[in-house]
Amino acid sequence: MAKLESNIELEAAAFRRLLAHLDERKDAQNIDLMNLAGFCRNCLSKWYQAAGEERGIEIEYEDARELVYGMPYSEWKEKHQQKATPEQLERFNNIEATKNEIDKRKD
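Presented here is a report on the structure given in the accompanying data block. Every value quoted in this text rests on a predicted model; they were computed, and no experiment measured them.

Here the focus is the nonpolar core. Core analysis: the largest hydrophobic core is formed by nine residues, namely Leu19, Leu22, Ala28, Leu33, Met34, Cys40, Cys43, Leu44 and Val68. Secondary structure elements with two or more residues in this core: helix H1 (7–24), helix H2 (30–37) and helix H3 (41–54). Residues in contact with leucine 33, not counting those within four places in the same chain, are Leu22, Ala28, Gly38, Phe39, Cys40 and Arg41.

A word on the side chain of asparagine 35. Position of asparagine 35 relative to the elements: it lies in helix H2. Relative accessible area serves as the criterion here: at 9%, asparagine 35 is assigned to the buried category. Separated by 3.3 Å, the side chain of asparagine 35 and the backbone nitrogen of phenylalanine 92 make a polar contact. Setting aside residues up to four positions removed in sequence, asparagine 35 forms contacts with Gln88, Arg91, Phe92 and Ile95.

With that settled, the discussion passes to the environment of histidine 21. Secondary-structure assignment places histidine 21 in helix H1. Relative accessible area serves as the criterion here: at 37%, histidine 21 is assigned to the partly exposed category. Spatially, the C-alpha atom of histidine 21 lies 15 Å from that of serine 45, the residues being 24 residues apart in sequence.

It is at 10 Å that the axes of H2 and helix H6 (residues 86–106) come closest, and there the two elements cross at 40°. As the angle between them shows, H2 and H6 are arranged oblique. Considering the relative orientation of H2 and H6, their crossing is left-handed. When H2 is examined against H6, the residues Ile31, Asp32, Met34, Asn35 and Leu36 are found in contact with a partner set consisting of Gln88, Leu89, Arg91, Phe92 and Ile95. Per-class residue counts for the contact of H2 with H6 are six nonpolar, two polar and two charged.

What counts, and at which threshold
- Residues numbered from 1 in each chain as written.
- Predicted model: local features only at pLDDT ≥ 70, side-chain atom pairs only at ≥ 80, totals over all residues.
- Heavy atoms only, no water.
- Core = buried A, V, L, I, M, F, W, Y, C linked by side-chain atoms within 4.5 Å.
- Buried < 20%, exposed > 50% of the residue type's maximum accessible area, 1.4 Å probe, protein only.
- Helix = DSSP H or I, 4+ residues; strand = E, 2+ residues; numbered from the N terminus.
- Contact = heavy atoms within 4.5 Å.
- Polar contact = N/O pair within 3.5 Å; in protein donor to acceptor, adjacent residues only side chain to side chain.
- Axes fitted to C-alpha atoms, helices over the stretch in contact; angles between N-to-C directions.
- Parallel < 35°, antiparallel > 145°, perpendicular 65-115°, else oblique.
- Left-handed = near helix turned anticlockwise from the far one by under 90°.
- Nonpolar A, V, L, I, M, F, W, Y, C, P; charged D, E, K, R; others polar.

Function-wise, these values are silent; they only describe arrangement.
Have a look at this one:
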């Protein structure tokens, strides 16, 4: 495969497409994303903020969230966030407990 010269542009376009896809799929709740993929919209916001800090650009977490959610988080939460079911919470807690156990073994 030829080396891509516009790698940053392609990555940025893919990121924008991911955000558009998540915006189209508001039914995909953060807890579902965490349970299935290990990340959610809030994770993307934190990664965006961290990428800025690594480059000397200060980005407020709420500003990063607004970029990812396409609106202030409080507004998105009010309009689109559903209450997690007991099953979703149980799965999330089990996954977190497993991750914590693995981390303990690494130490």
